[in-house]
Amino acid sequence: MTNVPYITLNVAMTADGKTDTIARRGALISSPLDMMRVDQLRAASDAIMVGGHTLLGDDPRLTVKTESLRKARLAAGKGENPIKVGIITNADLNRNCRFLNNGPAKIVIFTTTKTAPEKIRELRDLGVNVFVTEGLRVDLKKAITQLGNLGVKELLVEGGGTLNEELLKLNLINEINIYIAPLIFGGSSAPTFASSDGFEREYAKQLKLDSIQQYDDDGLVLRYII
Ligand SMILES: NC(=O)c1ccc[n+]([C@@H]2O[C@H](COP(=O)([O-])OP(=O)(O)OC[C@H]3O[C@@H](n4cnc5c(N)ncnc54)[C@H](OP(=O)(O)O)[C@@H]3O)[C@@H](O)[C@H]2O)c1
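**Q** Please explain the site of the ligand as it appears in this structure.
**A** In the region of the ligand, 25 residues are neighbours, and D20, T54, D58, T89 and T162 sit closest. Separating an oxygen atom of the ligand from a side-chain N or O atom of T89 is a distance of 2.6 Å. The side chain of T162 places a nitrogen or oxygen atom 2.6 Å from an oxygen atom of the ligand. Relative to its unbound accessible area of 930 Å², the ligand is 86% covered by the protein chains. Secondary structure elements with two or more residues in the shell around the ligand: β1 (6-14), α2 (52-58) and α7 (161-169).

The following block contains the structure:
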């Protein structure tokens, strides 16, 4: 693959490895200190990607919250916020959702033919760049190449677990940042960081620990390079 962005995966999880509670309503895990780190990570990215269930369930804004970071992006000739990217089988998004309306930001959606043609028209009328691929799910390799062609050099992936694992399986992730909160959510059905159909032991991803950061609030940030 040519023109492939450097891809960083960022995840916030509890000490028992959960990225949400069993209610799957996008429970807050990051501490205020960690949110500042994530904001810097976002500000340094050209685009931020999330999966369909996160998009529909959590409706993330995916914007840079700190004004000085937004100003620095503008001063560097970038957009105020990174491009927002959705990977979603059926892009049945409410036109009033935060993902579509909080910005300003360019929005790119990769979807499949499961999205109704009138919905695709509506999204395009709202200024969204929509790419439709054949098949049951979005072709992630094509999507990543397409983002490279759009000028994305630094891509931040913010979950969920299904998207994370599929990208790992395709060897597309360069770096993983894991924030571990001093919390336990429990629940066997609560989502985890990589939660598609799993790896056989011989195909387990081998990581290289690059750094460990400990916050005063008992949170930890592990940075792994793949
Ligand atoms: N703590 C954190 O850092 C964090 C971050 C993000 C999300 N979350 C949590 O994670 C949960 C959602 O994660 P999730 O694993 O259910 O869903 P997800 O990864 O957000 O979305 C996965 C869905 O995207 C669609 N998709 C289309 N093409 C795909 C492809 N090639 N590869 C992968 N997915 C593709 C599929 O939808 P269909 O099944 O409809 O085909 C798939 O099930 C929520 O509870 C959310 O709050 C936590």
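**Q** Explain the pattern of salt bridges here, please?
**A** Opposite charge on two side chains makes pairing possible when the charged atoms of those side chains draw close. This model, assessed by the stated rule, comprises 10 salt bridges. Across the pair R98 and D59 runs a salt bridge whose closest N-O atoms are separated by 4.0 Å. With R98 in helix α4 (residues 98-101) and D59 in the loop between α2 and α3 (67-75), this pair connects stretches of sequence that are 39 residues apart. The closest approach of N and O atoms between K169 and E165, which form a salt bridge, is 2.6 Å. Note that K169 and E165 are positioned in helix α7 at a spacing of four residues, about one turn of the helix.

How each quantity is defined
Residues numbered from 1 in each chain as written. Predicted model: local features only at pLDDT ≥ 70, side-chain atom pairs only at ≥ 80, totals over all residues. Heavy atoms only, no water. Near = heavy atom within 4 Å. Polar contact = N/O pair within 3.5 Å; in protein donor to acceptor, adjacent residues only side chain to side chain. Areas by Shrake-Rupley, 256 points an atom, 1.4 Å probe, with all protein chains shown as cover. Helix = DSSP H or I, 4+ residues; strand = E, 2+ residues; numbered from the N terminus. Salt bridge = Lys/Arg side-chain N within 4 Å of Asp/Glu carboxyl O.

Everything listed here is a matter of geometry and, on its own, says nothing about what the molecule does.
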